[in-house]
Amino acid sequence: MSGWRHPTLGQIDRDRHLRFTFDGEGHTGYAGDTLASALLASGTRVLGRSFKYHRPRGLWGLGGEEPNALFDVGHGGISTPNCRATLTPLRDGMDLRAVNTRKAARDPLGLLDLAQRFLPAGFYYKTFMAGGWMRWEPMIRRMAGLGRLDPSNRPSGDMPQRNARCDLLVIGAGPAGLAAARAAAGHGATVWLLDEAGAPGGTLRWRGGEIEGGPWQDFVADTVQKVEAAGGRVLTDTTLWGAFDHGLFAAWQRGARDFHWRIRAAKVVLAAGAIERPLWFANNDLPGVMSAEAALHHLVLYGAVAGRRIVLATGNDGSYPVAAALAEAGCHVTLLDAREDTPAAPEGVEVRRGVAIDAARGTRSLGAVRAGGQHIDADTALVSGGYTPSVHLHCQTGGKLDWDVDRDALIPRPGTSPLIPAGAANGTFGLNAALAEGHAAGGGMGSAPNAAGATWALAPMRPDPKGRGRVWIDPQNDVTLKDVKLAAQEGYRSVEHLKRYTTLGMATDQGRSSNFAGLAAMAALTGRTIPETGTTTYRPPFTPIPLTALGGMRRGALFNPLKRLALEPQHAALGATFGEYGGWRRPAKYSDTQAEAKGARETFGLYDASPLGKIEVIGPGAAELLDFCGYVAMSTLKPGRARYGFMLGENGVVADDGVTLRLDDNRFILSASSSHVDHVRLILEEARQDRFDPSRVFVHDVTAQWVTLSVSGPQARTALETAGMPDDVTALRHMQVVETRWTQVPLRAARVSFTGDACWELSVPARHAPGLMTVLEGAREALGGHWIGLEALMILRAEKGYILIGKDTDGITMPQDLGWGRPRERRQDEYFGRRALFTPEAMREDRRQLVGLDCDGAPLPTGAHLVPLDGPARSLGFVTSSYHSPTLNRSVALALVDAGLDRMGDTLGVFHLGQHRTARICAPCAFDPEGTRLAD
Amino acid sequence: MQIFPCPFCGPRDETEFHFAAEAGKHRPEPAPEVTDTAWSDYLYGADAPKGRAREVWVHLTCGEFLLLTRDTVTREVLDAAALPGRGEAAT
Amino acid sequence: MTRYSALALAREGLRGHRGWRPAWRKPDPKPAYDAVIIGGGGHGLATAYYLAKNHGVRRVAVLEKGWIGGGNTGRNTTVIRSNYFYPESVALYDLALRLYEGLSKELNYNVMLSQRGMLIAAHTPMQMEICARIANAMMLNGVDGSLMGPQEARARLPLLNDAPDARYQCLGGVWQGRAGIARHDAVAWGYARAASALGVDIVEGTTVTGISTTGARITGVETDRGPIACDRLGIAAAGATPGLVAPLGIRLPIHDYALQAFVSEPVKPMLDTVLLYLGTGTYVSQSDKGELVFGGGLDRVPTHGQRGNLPVQETIVSGLLEMFPAFGQLKLLRQWAGVVDVVPDSSPILGPAGPEGLFLNCGWGTGGFKAIPAGGWLLAHMLATGAHHEVSRPFDLTRFAEGRLIDEAAGSGIAH
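Residues numbered from 1 in each chain as written. Chains lettered and ligands numbered in written order. Predicted model: local features only at pLDDT ≥ 70, side-chain atom pairs only at ≥ 80, totals over all residues. Heavy atoms only, no water.

Q: I keep staring at unusual backbone geometry and nothing clicks. Help me out?
A: Glycine aside, a negative phi is what most residues show, and trans is what most peptide bonds show. Residue Pro541(A) is bonded to the preceding Pro540(A) through a cis peptide linkage, with omega at 0°. Along the chain, the position of Pro541(A) falls in the loop between α14 (530-533) and β33 (545-546). The peptide bond linking Glu29(B) to Pro30(B) adopts the cis configuration, its omega dihedral lying at -10°. With respect to the element layout, Pro30(B) can be found in the loop between β3 (17-22) and α1 (36-44). The phi torsion at Phe128(A) lies on the positive side, around 60°, for a residue other than glycine. Structurally, the position occupied by Phe128(A) is in the loop between α2 (123-126) and α3 (133-143). Not every positive phi belongs to a glycine, and Glu212(A) is a case in point at roughly 50°. Summarising the element assignment, Glu212(A) is placed in the loop between β11 (210-211) and β12 (214-215). (Helix = DSSP H or I, 4+ residues; strand = E, 2+ residues; numbered from the N terminus.)

Q: Is there a simple way to think about the packing of aromatic side chains in this case?
A: Two aromatic rings, taken as a pair, are described by how far apart their centres are and by the angle between their planes. Considering all chains together, one arrives at 48 aromatic pairs over all chains under this definition. For the pair Tyr124(A) and Tyr125(A), a centre-to-centre distance of 5.0 Å together with 70° between the ring planes defines the contact as edge-to-face. Consider the rings of Tyr501(A) and Trp189(C), whose centres lie 5.7 Å apart with planes at 70°: the pair is edge-to-face. Of this pair, Tyr501(A) sits in helix α12 (residues 495-502) while Trp189(C) sits in helix α7 (residues 184-197), which puts the two residues in different chains. As far as burial versus exposure is concerned, Tyr501(A) and Trp189(C) are alike and both buried. One residue, Arg254(A), lies across the ring of Trp252(A), its end atom 4.6 Å from the ring centre. The ring of Phe51(A) has Lys289(C) lying over it, and the distance from NZ or CZ to the ring centre is 5.3 Å. (Phe/Tyr/Trp six-rings, centres within 6.5 Å; stacked < 30°, edge-to-face > 60°. Buried < 20%, exposed > 50% of the residue type's maximum accessible area, 1.4 Å probe, protein only. Lys NZ or Arg CZ within 6 Å of the ring centre and 35° of its normal.)

Q: Mind showing me how you'd approach the nonpolar core here?
A: Note that soluble globular proteins tend to have their nonpolar side chains buried in a common cluster. Membership of the largest hydrophobic core comes to 179 residues, with the highest contact counts inside it found for Val617(A), Leu625(A), Leu684(A), Leu92(C), Tyr109(C), Trp189(C) and Tyr191(C). In this view, Tyr191(C) contacts Leu45(C), Ala46(C), Tyr49(C), Tyr50(C), Leu103(C), Leu107(C), Ile372(C) and Pro373(C); residues no more than four positions away in its chain are not counted. (Core = buried A, V, L, I, M, F, W, Y, C linked by side-chain atoms within 4.5 Å. Contact = heavy atoms within 4.5 Å.)

Q: Honestly, the sheet that holds strand β35 (residues 577-581) of chain A in this entry has me stumped. Any pointers?
A: Either a parallel or an antiparallel arrangement is found when strands of a sheet pair, and the pairing is made through backbone hydrogen bonds. Residue and element names in this part refer to chain A. Taken together, 3 strands build an open sheet; the order of strands is β34-β36-β35 and the sheet is mixed. A single partner strand is all that each edge strand has here, and the edge strands are β34 (563-564) and β35. Summarising the sheet, β34 and strand β36 (residues 584-589) pair through 2 bridges and their orientation is parallel. Looking at β36, one finds that Lys-563 is bridged to Trp-584. (Pairing = 2+ DSSP bridges.)

Next up, the structure:
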């Protein structure tokens, strides 16, 4: 127990007590606390366990860099895993559980640490091979992982994704970001100023300072006012997590409701600050060793004091205000500065110069340090190994880095990224310098906002490869200096190999405070400089972001939105059960599929064929275009007539089939399978624009504008007469089409059939569909017809051997495989896919061809394979469609079979999931092969 | 999200566009005079240049095909133009 | 080569791990080799290993411009499977799977093959029919495959969206028990270490700038570290292959696209199989470390840049959450993209091309990791014998002119 709550400091609401538990023990915090500050102030030291050795872990940092304090947070009956204590606001009644352990304070797996010498980096590559990895994996998996998923916690998919544009996007609302935003807003620019923290100010919020002779708060408030007055916005609790192509940035805003922002800006300033580096001494992972910056942050913002007897080890000027503040708060502070030349000792602080910590001492938390050969009792060791600029977004946009000796950091190389770095993100440490750089980045004229304070001096601090003891580089993943040494020794010297072999920087803090040390150690071990050693690639996200931010509202009905029928309510009223077919929600059946299929053959059936694609091809060049794009020539089709045809890909494979209607010399309607409409339209458009004179032909997809209801069956004509259809409709013969009017409504009627019965397709503009449906329904009631769903239609078309592209064909099926070899043999003109029909493979006689199957008993399973009756089992093809035909009272099936046409009449085996049957190959058409029912 | 300029509609999100082919391909015809190799090169052969590429794309929402010149590594769009003979009709 | 074992680890543990030697040597390139392989990814390293091991060809160099395993070998979602439709594909991918099954022992390097099984899940009756078609094809091709029903699928995947109004109810699908995942880096490092021990030179940081020929024959390669002579050259350089062979007048049917992969923060075990969901196109597994590893379709725009784009990320993540609403608790930890070499039929190109002595292993698209042992085995066979292996022959480049494509997506409705 060492952290404590200062009686007055902090911006918490001391009147609002919030109760919470951590690992089952009760605690109290205040409104305004984070989980981290509440626990720090409560004196709780061990907040977690490390990933590999289950070593005790305490609070290290602030914001997104915290590697250790991760909790499963229960609240409101559900829990959420891996919440970062530094970023999660405390709420009353929260139940916090340390991840990856039963109890952070007492973890029996901590005994693993005793075996650490046998578990170096990559030990698992060298063992767990006996008996196979699967023997060991369940145990390893149980020990790995951090928090626990709560199966009952199913966050709703309703996070709005919003788009925004602005003149200037400023990433980070610290001094540099504020100065940039202020300068730009002063010119009237629309500025979006974003910060990950809950309030603007950045380090000013805990480091304080005077700007333009006044308190920093005034500067912030005035800047916010200027930004908003110019039409900009200041978003806090907002993490800008990714930079993407063409200037797109993505940000996650937290609040009562979260938002995901996609932002484009004319100009972007990167003022994301810097992250404090740790120091590297033996047992530097003990709870109680903490970032000096974080200690000040928690002290000033929350009144949470890290300890009472504090050693602060540093090599830079930035730590002096930390020491001063802690001493003033009542702590006993000893400041160890690795440098000889230091600023003056703050009041109440003992400064020892030229001294660094050699080792931390303690078992479960810090008790003392050894420094410069001396033993110093301390409950807390604050450390500062310098600062690493947050250059992630610069690098995400392709920016390069340069090593800057004076700033002791990799900083953005000018001109390599569209982002303008400013302040600590650019290695510029110190308030006045940051303000100046921000001001310039924001396009500010004249003098920058002025503040006291020189740029910090700093001495480079590095892990000592010869250091003794266990020195942690990555505290969450338990990567020590020895592991880096081992990686170097075994040849994993590229930074990427180092990362992958040791898991350095792959923890949930994404190596914020560890990557630099790993890089520096590898450089020292291999005799290279830091730039020579290189960095790993920076990729989004900058901070882990919830998957719900990316998922947005695209869930359920909004995930691949379905196309809906204009008459869906009417079908629903008729009792239809709906299904999803080719992206459309359509009636699957109304009552009983078999009864519908039988009834349609006996009297007549009605179905909604609206999803069938309708593409108008208009103009004097229409016939020519269709001839080129289609496999079956359409220029010879007479007006008022219809013809069945195919569209191929240039690879010769059947892309779609359908009927083309010729309405007059220069006007066609091409029908396309409901899921292939867009593809067919593109084939036509490409040829139209690339090959023909586009002013002579026009292609227009009118699928959605028309509703089509089909009337099919022996009593179809009677039904139409009963429904009051005009004579020119009822008089139509098979494959004729007419444009007419029904009452005053434009009506297109076509005698085309997907059922094998006489069938009229009646198309009216969508707004007239309910009227058409009403009269047809009246006829149905009067005559005893049937509404049929897609399932019954599938039976009817399969009885006739009519194919469904993509079901009865696959991605190698050519028209000759479907019995449509004649255009290929006869046509002399060029058409789409022509050449591919004559490759050696296309010329083979034993291609996989469409056939029917005749079998006894239950329908064959679709997906079953045809196999030879004798000899080794091998696939000769497969069943593509199979149904029980209520009209024929037997099974009907279609199949694609190798050399199927040569096998007519043969009996083959049928294999399905280990079961064997037999079937006879027959013609695809099982019902009315002469087509007499169509002729009516 | 990349932004491609449609010569007819202006800048639009990449999701509205569909890659059609590398530019400069000429369909070998007539079929009987085209060898298997020439046909497969037309159909499948690609330069897939690293860097500057000229490609035919279609803007799905307006249905117009266009010539896009862009850098396949940096993803910078260098130029967008209507197919030859099409630009005049649009202006 | 120090043998890896628990005993060796214990021994080294007691003496501070001072005895471990570099996993692979870091030689300078020699002026000449019997065979040179361009590309130090899994396929190239496996090729070198099998050349030395199976064929006794040990004067071999693998030339890698960056660090080994840094391309798609180290950028994939580590799924290994042979649940394919066409016999040619099954022969190829099951050869790989069988080699994977013995790989840790063969290489004395734990590649952590976890054969936890994979489900290709369907959500419509038509997709279930396609799944039956694949399962039957697998059985007839002698591979373990079965059709799993909805109850068993739900039992194995208890977190699947089971809301009554869920858009994509899982009806079951194709199950392959031998499928699973492996540690991708370990595959590259394991092959490198074993090949190096057999005398293969693995030369990192060396860029091939040209291929030298007499016109009819390969004579060597030009590199940024000087020329290297050889009369047999294997290229296993994925998306870089077209650029390497273009000066020889060889044009390949390859387009390059970015394929993204995603990793969540780690959690305790809660997903025990690999899942590909046909309804959403998203696939997912949980790594041994506890992270969800997932991905989906290609990015839309052909590219050579190893960066992902936001719209596809949104599609893939929303697909994942549609399948598993509880995953909405998780955070995205990492995301990356690999450049994949996509061929019209999504099957690889294996075989000779252009001058005598040149053999290609490319065009794996999104499916290369699972095939590494087979890709290496077959390219080694071709380099050693100068002729196709029976498993590689159908994948010869000539299939495009002959119209003999091996298109899994076309045959089964399910892409790689």
